[in-house]
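Inside the fold
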Number of protein chains: 2
Amino acid sequence: MDGEALANLAMTEDQFDSQLADCAIETEAFLAAHLATLDAPERLLAAMAHGALDGGKRLRPFLVRLSASLFAVPHEKSLAVGAALEMIHCYSLVHDDLPDMDNDELRRGKPTVWKAFDPALAILAGDALLTEAFALLSDPRTHPDPAIRAELVLTLAHAAGPAGMVGGQVLDIEGETSPLDEDAIFAMQAKKTGALIRAGVEMGAILGNASPAQRSGLTRFGTAAGLAFQIADDILDVTATSHALGKTAGKDVVQNKSTIVARKGLDAARQVLDGAVANGIDALLPFGPSADPLRALIRHFAARQS
Amino acid sequence: MDGEALANLAMTEDQFDSQLADCAIETEAFLAAHLATLDAPERLLAAMAHGALDGGKRLRPFLVRLSASLFAVPHEKSLAVGAALEMIHCYSLVHDDLPDMDNDELRRGKPTVWKAFDPALAILAGDALLTEAFALLSDPRTHPDPAIRAELVLTLAHAAGPAGMVGGQVLDIEGETSPLDEDAIFAMQAKKTGALIRAGVEMGAILGNASPAQRSGLTRFGTAAGLAFQIADDILDVTATSHALGKTAGKDVVQNKSTIVARKGLDAARQVLDGAVANGIDALLPFGPSADPLRALIRHFAARQS
C-alpha cells in the first residue's frame, strides 16, 4: 500500500474536521486569555478582541500545529506560535477593511472593527495586534530556547513585512489600476496570502528543529498550500454567496482585482489549483503517513465552500 | 570636584551637539541602506523612506547609543538597534498623521506620507516599518547572541504595543472628549511617549549586559527622560511657531488634547519638567562621568526649542 492509500485510510474527513475544530477552539481560548492579561485601555482591548476573536477557521494556527506535529511537538507547545501568526493575519484584515483601504463593512458576518468602533481605533487595534504578535513570539513562556524565539520572530517578520504580506497588498492595490499579467498575479499572491501560510508551516518546522532537507520540503509544501488557498479564494469570490462567505462576495470584480480567475477564467484557475494541491502533496512524500493531516489540509483548502 | 561639576567640564554643548548630529547621520545612512536591501514594491519603499528618512534628530537612537556606551558597547554595535527603535517611532508618526487620526498634512516641514502618497499606502508603509523593525532586531547581523535579540524584541514590542505606546495613543484620543485628570495625563504620557524613550535606554542596557541594579537605574532614568521629553513637547506646542517645530503648532489646543500645560498652566508644567530632569540625573549617579552624555541629553530634552 502506498502513502497515498494509507493517507486515505489514516484520516477520514470527520477526523480532519474534528482536529481543525479543536485547534480553532484552543486558539480562540488562548487568544482570549492572552488579551485578558494585557494592561491596555478597555476600548483598545475590545477592538483587538473584535478583530481577533470569534472568527475564522484558524487555518494558519492549524498549519503551525500540523507542521510541528511532524516532529512530535505537542499541541500545547505550538499554540502560542499559532496564536501569534493568527494575530498577524487578523491585524491585516482589520487594516484591509478600513475605509481608506477596501472600505468593507462586513467580515465573518459581523461589522468590521472600524464599523463597530471607529477608523482611528481600528488603525490602532491593528497596530496593537501586530506588535503584540512579536511580544508573544519573543516571550520565554512561548519557548524556552531564545534561539528558537529569535528565529520565529525573524521568520514571521519577513513573511508579514514589506517583502512579504504588506508588499503583496501594495502590489494587489496597484493591480486594480494597471492590470497585472499572469506572472505578476502569481508573484503578488505568493506575497499577499502565500507568505503567511508558508510562514505557518516554517514556524512549525522551527519548533520541531527540522533538518535543512525537512525544512526545505515543508517550505515547498507551504508555498503550494498558499497558492492553493488563494486560487480557491478567488474562485469562491465569483462562485459563492456573501452569506456562505460571511463577507462581501464578488468584490474582486467590483474592485477590478487582478486574479487568475479574472485573467484566465474559472477552468484554468481550477487547473492551477489542482496542480498546486498535487505539488504540495508531492513535497510531503518524505514525511510518510505522519503528514496525512497536512495532505488533508491542502485538499481542504482546494475544496472549501467558504 | 563632584560628578555634576565634572559633567559640566566633561561635555560642552558643542560636543553634545556634534555627537547627536553624528548619530543622526549614521542612523540615517543605516536606515537608507537597510531599506535599499528590501525586496519590496517601489512605491511601498518610497513611502517607507518618506516616513523614515530625512527627518528628526534621531533622539531615540541616540539614547540607545549613549546607554550602550555606558557599557563600552561600540557605536556600530548599537546602530541597528537604534534604527529599529526609530522605525517604530516613524511608523507611529505615519499612522498618527492619517486623515482618520490627527489628519495632519505637515511633518518636519514636509508633506506627511498620506499627503505625499495616499492614505492606503500610508497605512501599509506604517505597517511595513513596524514589522521591519522586528525583522531587524531579530536578525543575527544585529547581534550574534539570540538571547539578546529575543530580549530586544520583547522589550520593544512591550513598549510599542497595547500596554505601551499604542495604549497611550488610545488614552490620548479618549482624553480629547473626556478630559483626563492630572494622574491620568501622566499615565497616558508615560505610555504614549515615555515607553519608547525608556525602551531606548533599556535596549542599550540589554546590549551592554547591564546588571539588574544598573538596568533598574537606567529604567528610572528612561522614565524621567520620557516625562521630560513629553512635557517639553507640550510646552513647545503652546510657545513655539509651526515654522520652528516643522509641524503644526497649537494643535493640542485645537484638538482639545489633555496635557499638563492645559490642565495646570505653563509655570506648573515647567516645574514638572525641572523635577523630571533632576530625577533623571539623580538616577545616573552610580554611572559617574561616563553618563555625562545622558545627563546632557535629558537637559537637551528640557531646553529644546523645536
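Residues numbered from 1 in each chain as written. Chains lettered and ligands numbered in written order. Predicted model: local features only at pLDDT ≥ 70, side-chain atom pairs only at ≥ 80, totals over all residues. Heavy atoms only, no water.

Per an unreviewed UniProt entry, the recorded name for chain A is Probable farnesyl diphosphate synthase, and the organism is Pelagibacterium halotolerans. Chain A has a UniProt comment under Sequence similarities (unreviewed entry) that states "Belongs to the FPP/GGPP synthase family." (UniProt positions renumbered as here; feature names shortened; annotations may be inferred.)

For chain A, the count of helices and strands is 16 helices and two strands. A compact globule built from 306 residues would reach a C-alpha radius of gyration of about 19 Å, and chain A, at 19 Å, matches this within 12%. In terms of principal-axis extent, the alpha carbons of chain A reach across some 55 × 50 × 35 Å. Going through the 306 residues of chain A one by one, you find that 57% of them count as buried. Here the contacts in chain A between residues at least 6 apart in sequence split such that 73% fall between residues at least 24 apart. When the accessible surface of chain A is summed, it comes to about 11,600 Å², and 55% of that surface belongs to carbon and sulfur atoms. Separation of charge centres in chain A, based on 26 positive and 40 negative side chains, amounts to 1 Å. (Helix = DSSP H or I, 4+ residues; strand = E, 2+ residues; numbered from the N terminus. Rg over C-alpha atoms; globule rule 2.2 N^0.38 Å. Buried < 20%, exposed > 50% of the residue type's maximum accessible area, 1.4 Å probe, protein only. Contact = heavy atoms within 4.5 Å. Areas by Shrake-Rupley, 256 points an atom, 1.4 Å probe, with all protein chains shown as cover. Lys, Arg positive; Asp, Glu negative; His and termini not counted. Charge placed at Lys NZ, Arg CZ, Asp CG, Glu CD.)

So, on to the pattern of salt bridges. Residues and elements named next belong to chain A. Inspection of every chain in the model, using the stated rule, returns 28 salt bridges over all chains. Here Arg-58 makes a salt bridge to Glu-28, at a shortest N to O gap of 2.7 Å. With a gap of 30 residues between them, Arg-58 in the loop between helix H3 (42-52) and helix H4 (59-69) and Glu-28 in helix H2 (residues 13-37) connect regions that are remote in the sequence. Here the salt bridges share partners, and the residues they tie into one network are Glu-28, Arg-58 and Glu-86. (Salt bridge = Lys/Arg side-chain N within 4 Å of Asp/Glu carboxyl O.)

Residues and elements named next belong to chain A. The backbone phi angle of Asn-103 is positive, close to 55°, even though this residue is not glycine. Its location among the elements puts Asn-103 in the loop between helix H5 (75-96) and strand S1 (106-107). In this structure, Asn-209 is a non-glycine residue whose phi angle is positive, near 50°. Mapped onto the elements, Asn-209 comes out in the loop between helix H10 (182-207) and helix H11 (212-239).

Counting from both sides, the interface comprises 47 residues of chain A and, opposite them, 47 residues of chain B. With both sides pooled, the region where chain A packs onto chain B buries about 3,800 Å², and carbon together with sulfur makes up 75% of that total. If you look at where chain A meets chain B, you find four salt bridges. The shortest N-O distance in the salt bridge between Lys191(A) and Asp39(B) comes to 3.7 Å. Scanning the region where chain A abuts chain B turns up six residue pairs in polar contact (both at pLDDT 80 or more). For the side of chain A that touches chain B, the secondary structure elements donating two or more residues are H3, H5, helix H7 (119-137), helix H8 (146-160) and helix H9 (165-177) of chain A. At twelve residues, H7(A) tops the list of elements feeding residues into the side of chain A that touches chain B. For the side of chain A that touches chain B, the per-class residue count stands at 31 nonpolar, seven polar and nine charged. (Buried area = accessible area lost by both parts, 1.4 Å probe. Polar contact = N/O pair within 3.5 Å; in protein donor to acceptor, adjacent residues only side chain to side chain. Nonpolar A, V, L, I, M, F, W, Y, C, P; charged D, E, K, R; others polar.)

Turning our attention to the relation of the copies chain A and chain B. In this structure, two copies of a chain are linked by a rotation about an axis accompanied by a shift along it. The transform that puts chain A on chain B rotates by 180° and translates by 0.0 Å along the axis, for an RMSD of 0.0 Å. In short, the pair behaves as if placed about a two-fold rotation axis. Measuring from the rotation axis to each C-alpha of chain A, the shortest distance belongs to Ala150(A), at 2.5 Å. With an isologous cut-off of 70% or more, the 100% of interface residues of chain A that recur at the interface of chain B puts this contact in the isologous class. (Least-squares fit on C-alpha atoms with pLDDT ≥ 70 in both.)

This next bit is on the packing of aromatic side chains. Residues and elements named next belong to chain A. Here the structure, examined in full by the defined rule, presents seven aromatic pairs over all chains. Here Phe-71 and Phe-287 contribute two aromatic rings whose centre-to-centre distance is 6.3 Å and whose plane-to-plane angle is 85°, an arrangement assigned as edge-to-face. Of this pair, Phe-71 sits in the loop between H4 and H5 while Phe-287 sits in the loop between helix H15 (266-283) and helix H16 (292-303), and the two are 216 residues apart along the sequence. Aromatic pair Phe-229 and Phe-301: ring centres 5.2 Å apart, planes at 75°, arrangement edge-to-face. On the criterion of sequence distance, the pair formed by Phe-229 in helix H11 and Phe-301 in helix H16 is long-range, its members being 72 residues apart. Taken individually, Phe-229 and Phe-301 each receive the classification buried, so the pair is uniform in this respect. A cation over a ring is seen here: Arg-60 above Phe-229, with NZ or CZ 5.3 Å from the ring centre. (Phe/Tyr/Trp six-rings, centres within 6.5 Å; stacked < 30°, edge-to-face > 60°. Lys NZ or Arg CZ within 6 Å of the ring centre and 35° of its normal.)

A word on the side chain of Asp102(A). Among the structural elements, Asp102(A) can be located in the loop between H5 and S1. Once you skip the residues sitting within four places of it in the chain, Asp102(A) turns out to touch Asp96(A), Asp97(A), Lys251(A), Gln255(A) and Lys257(A).

Before going further, it helps to examine the side chain of Arg58(A). Overall, Arg58(A) belongs to the buried group, its relative accessible area being 2%. Apart from residues lying up to four places away in sequence, Arg58(A) is in contact with Ala24(A), Thr27(A), Glu28(A), Leu31(A), Ala52(A), Leu53(A), Glu86(A) and Cys90(A).

Another aspect to go through is the environment of Met165(B). Residue and element names in this part refer to chain B. Mapping Met-165 onto the fold places it in helix H9 (residues 165-177). For Met-165 and His-89, which are 76 residues apart along the polypeptide, the C-alpha to C-alpha distance reads 9.5 Å. Leave out the neighbours within four places in its chain, and Met-165 touches Ile-88, Tyr-91, Ser-92, Ala-159, Ala-160, Lys-191, Lys-192, Ala-195 and Leu-196.

Looking now at the nonpolar core. Core analysis: the largest hydrophobic core is formed by 196 residues, its most contacted members being Ile88(A) and Ile88(B). In contact with Ile88(A), other than residues within four places in its own chain, are Leu130(A), Ala133(A), Phe134(A), Leu156(A), Ala160(A), Met165(A) and Leu196(A). (Core = buried A, V, L, I, M, F, W, Y, C linked by side-chain atoms within 4.5 Å.)

Here the focus is the packing of helix H5 (residues 75-96) of chain B against helix H8 (residues 146-160) of chain B. Residue and element names in this part refer to chain B. As a packed pair, H5 and H8 sit with axes 11 Å apart at the nearest point and diverge in direction by 20°. By the angle class used here, H5 and H8 are roughly parallel. Taken as a pair, H5 and H8 cross one another with a handedness that is right-handed. Residues Val-81, Ala-84, Leu-85 and Ile-88 of H5 form the contact with H8, whose own contacting residues are Leu-152, Leu-156 and Ala-160. Tallied by class, residues from the contact of H5 with H8 come to seven nonpolar, no polar and no charged. (Axes fitted to C-alpha atoms, helices over the stretch in contact; angles between N-to-C directions. Parallel < 35°, antiparallel > 145°, perpendicular 65-115°, else oblique. Left-handed = near helix turned anticlockwise from the far one by under 90°.)

Okay, the environment of Ser92(A) next. Residues and elements named next belong to chain A. Among the secondary structure elements, Ser-92 is positioned in helix H5. For the pair Ser-92 and Leu-130, spaced 38 residues apart in sequence, the C-alpha separation works out to 8.3 Å. Apart from the residues within four sequence positions on either side, Ser-92 is in contact with Met-165 and Gln-169. A polar contact of 2.7 Å, which involves the side chain of Ser-92, links it to the backbone oxygen of His-89.

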